[in-house]
Number of protein chains: 2
Amino acid sequence: MTEHSLWRFSRALHRAINERQLGDIELMLDDEVEWAIYGPIDLFSFFGSRRGKAAVLEVIKQIGDNLRVHRFDRESIMLGTDSAASMLRYSLTALDADKPISLRIAHFAQFKAGKLTSFRMLVDSFDLVEQTVGYPIHLPRIAV
Amino acid sequence: MTEHSLWRFSRALHRAINERQLGDIELMLDDEVEWAIYGPIDLFSFFGSRRGKAAVLEVIKQIGDNLRVHRFDRESIMLGTDSAASMLRYSLTALDADKPISLRIAHFAQFKAGKLTSFRMLVDSFDLVEQTVGYPIHLPRIAV
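Worth saying up front: this structure is predicted, and the values here are computed from it rather than measured.

Give a description of the sheet that holds strand β5 (residues 99-112) of chain A that names residues and reports values.
All names here are of chain A. The strand order across the open sheet formed by six strands is β2-β1-β6-β5-β4-β3, and the pairing between neighbours is mixed. Only two strands of the sheet have a single partner each, and these edge strands are β2 (48-51) and β3 (67-79). Between one strand and the next, the sheet's axes are offset by a mean angle of 20 degrees, whatever the strand orientation. Note that strand β4 (residues 83-94) and β5 share twelve bridges and pair antiparallel. By the bridge assignment, Ala-85 is partnered in β5 with Phe-108. Contacts from helix α1 (residues 5-19) reach β1 (29-38), β3, β4, β5 and β6 (115-123), with the element oriented near 165 degrees to β3.

Here's what the structure looks like:
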């Protein structure tokens, strides 16, 4: 039984971020890969959409320049033949401030012949913003 | 071929929110259902975790008291035998301010014998906060 592409992708991505080794992830990216991390691009310039292997490699390198992954717990997961979705809780460090960040994300990934063709990620962005700026942002209560 | 529980759940949920008809969704909730919407509970008190049919019915009613769903587009979806995950883009109105809100969410759902046993939802919360308070929140740029 062949290992699901998600596990190879996950290892390669974390290796690229934590060890700055882009070789494994480069082999896994389809030339026309579509990539999006939905979140406040004003805060982290590596949020947003990218298209194509070169642009996605660049954005992964940028993530590695800014964050370190300490651990992640997969809370929910679905695996299809060529697809995967999961919800994860990450423990990260923002490198410039040496600040711990705890973050929940959800992602959807599509593979074709073992290569990543589509990746969409959503983050609990308000939580991320508060942890990153380091102070609570005052909110009016809308719903009672 | 039986219809996937996700479709029944989706119809029942939207009916509960938009028409205040809780009958369909009540039939679909397992007595011990676990429910979580991850986001700033300071802003919307219906964010957070709930457990059990009564608590989840109450929170769905609360969502209906505050929001109206205009449309939603399912951007990614995965269906398993008794599970489903999707990423959706919603057009909503916040009722008190009659304010349009556009929001991306991801959810993971588990069913058992046609009843919802687990539901976890993540929202692009910073985007939601800015749209709800109605002004941009200044952010320092962390990553360049």
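Residue-level account of a nonpolar patch on the surface, with values.
Taken together, Trp-7, Ile-77 and Leu-79 of chain A make up a surface patch of nonpolar side chains, about 250 Å² in accessible area. Of note, Trp-7 of chain A is situated in helix α1.

Can you lay out the interface of chain B and chain A for me, pointing to particular residues and giving the numbers?
The interface is formed by 44 residues belonging to chain B together with 44 residues belonging to chain A. Between chain B and chain A lies a buried interface of about 3,700 Å² when both sides are counted; carbon and sulfur atoms form 68% of it. Our count for the contact surface shared by chain B and chain A stands at two salt bridges. One salt bridge in this structure joins Glu-75 of chain B and Arg-120 of chain A, with 3.6 Å as the shortest N-O distance. Taken together, the connections running from chain B to chain A amount to zero residue pairs in polar contact (both at pLDDT 80 or more). Those elements that provide at least two residues to the side of chain B that touches chain A are α3 (53-66), β3 (67-79), β4 (83-94), β5 (99-112), β6 (115-123) and α4 (125-133) of chain B.

An account of the pattern of salt bridges is needed here, citing residue identities and associated values.
Applying the stated criterion across every chain, the model contains 20 salt bridges over all chains. The partner of Glu-34 of chain B in a salt bridge is Arg-51 of chain B, with the nearest N and O atoms 3.7 Å apart. Residue Glu-34 of chain B is found in strand β1 (residues 29-38), and its partner Arg-51 of chain B is found in strand β2 (residues 48-51); the two are separated by 17 residues along the sequence. Between Glu-75 of chain B and Arg-104 of chain B there is a salt bridge, with its nearest N and O atoms 2.9 Å apart. Highlighted residues: Glu-75 of chain B in strand β3 and Arg-104 of chain B in strand β5, separated in sequence by 29 residues. By relative accessible area, which is 27% here, Glu-75 of chain B ends up partly exposed. With relative accessibility at 10%, the residue Arg-104 of chain B sits in the buried group. A single network of salt bridges, built from pairs that share partners, joins Arg-15, Glu-19 and Asp-24 of chain A.

Help me get a handle on the relation of the copies chain B and chain A, residues and values and all.
For these two chains of identical sequence, chain B goes onto chain A by a turn of 180 degrees and a shift of 0.0 Å along the axis, with RMSD 0.0 Å. Both copies of the chain, as the preceding transformation shows, are related through a two-fold rotation axis. Among all residues of chain B, the one whose C-alpha sits closest to the rotation axis is Phe-126 of chain B, at a distance of 2.0 Å. When you check the interface residues of chain B against chain A, 100% turn up at the interface there too, and the contact is symmetric in its surfaces.

Which residues make up the UniProt feature "domain: SnoaL-like" (unreviewed entry) in chain A, and what values go with them?
The UniProt record annotates "domain: SnoaL-like" (unreviewed entry) at residues 11-118 of chain A. A helix fraction of 27% and a strand fraction of 53% characterise residues 11-118 of chain A, whose end C-alpha atoms lie 17 Å from each other.

Lay out unusual backbone geometry with the relevant residues and their values.
Residues and elements named next belong to chain B. Despite not being glycine, Arg-20 has its phi angle at roughly 60 degrees, a positive value. Tracing the chain through its elements places Arg-20 in the loop between α1 (5-19) and α2 (23-28). The backbone phi angle of Ala-113 is positive, close to 50 degrees, even though this residue is not glycine.

Which residues make up the sheet that holds β5 of chain B, and what are the values?
All names here are of chain B. In space, the six strands of this open sheet follow the order β2-β1-β6-β5-β4-β3, with mixed pairing throughout. With partners counted over all chains shown, the strands left at the sheet margins are β2 and β3, one partner each. With strand direction ignored, the average angle separating the axes of adjacent strands in the sheet is 20 degrees.

Please provide a residue-by-residue account of the environment of His-70 of chain A, values included.
Residue and element names in this part refer to chain A. If you trace the backbone, His-70 turns up in strand β3. Sequence separation between His-70 and His-14 is 56 residues, and the spatial gap between their C-alpha atoms is 9.8 Å. Within the structure, the side chain of His-70 is placed 2.3 Å from the side chain of Thr-93, a separation counted as a polar contact.

Rules and cut-offs
Residues numbered from 1 in each chain as written. Chains lettered and ligands numbered in written order. Predicted model: local features only at pLDDT ≥ 70, side-chain atom pairs only at ≥ 80, totals over all residues. Heavy atoms only, no water. Pairing = 2+ DSSP bridges. Helix = DSSP H or I, 4+ residues; strand = E, 2+ residues; numbered from the N terminus. Axes fitted to C-alpha atoms, helices over the stretch in contact; angles between N-to-C directions. Contact = heavy atoms within 4.5 Å. Patch = residues over 30% accessible without salt bridge, like charges linked within 9 Å, V, L, I, M, F, W, Y side chains within 5 Å. Areas by Shrake-Rupley, 256 points an atom, 1.4 Å probe, with all protein chains shown as cover. Salt bridge = Lys/Arg side-chain N within 4 Å of Asp/Glu carboxyl O. Buried area = accessible area lost by both parts, 1.4 Å probe. Polar contact = N/O pair within 3.5 Å; in protein donor to acceptor, adjacent residues only side chain to side chain. Buried < 20%, exposed > 50% of the residue type's maximum accessible area, 1.4 Å probe, protein only. Least-squares fit on C-alpha atoms with pLDDT ≥ 70 in both. UniProt positions renumbered as here; feature names shortened; annotations may be inferred.

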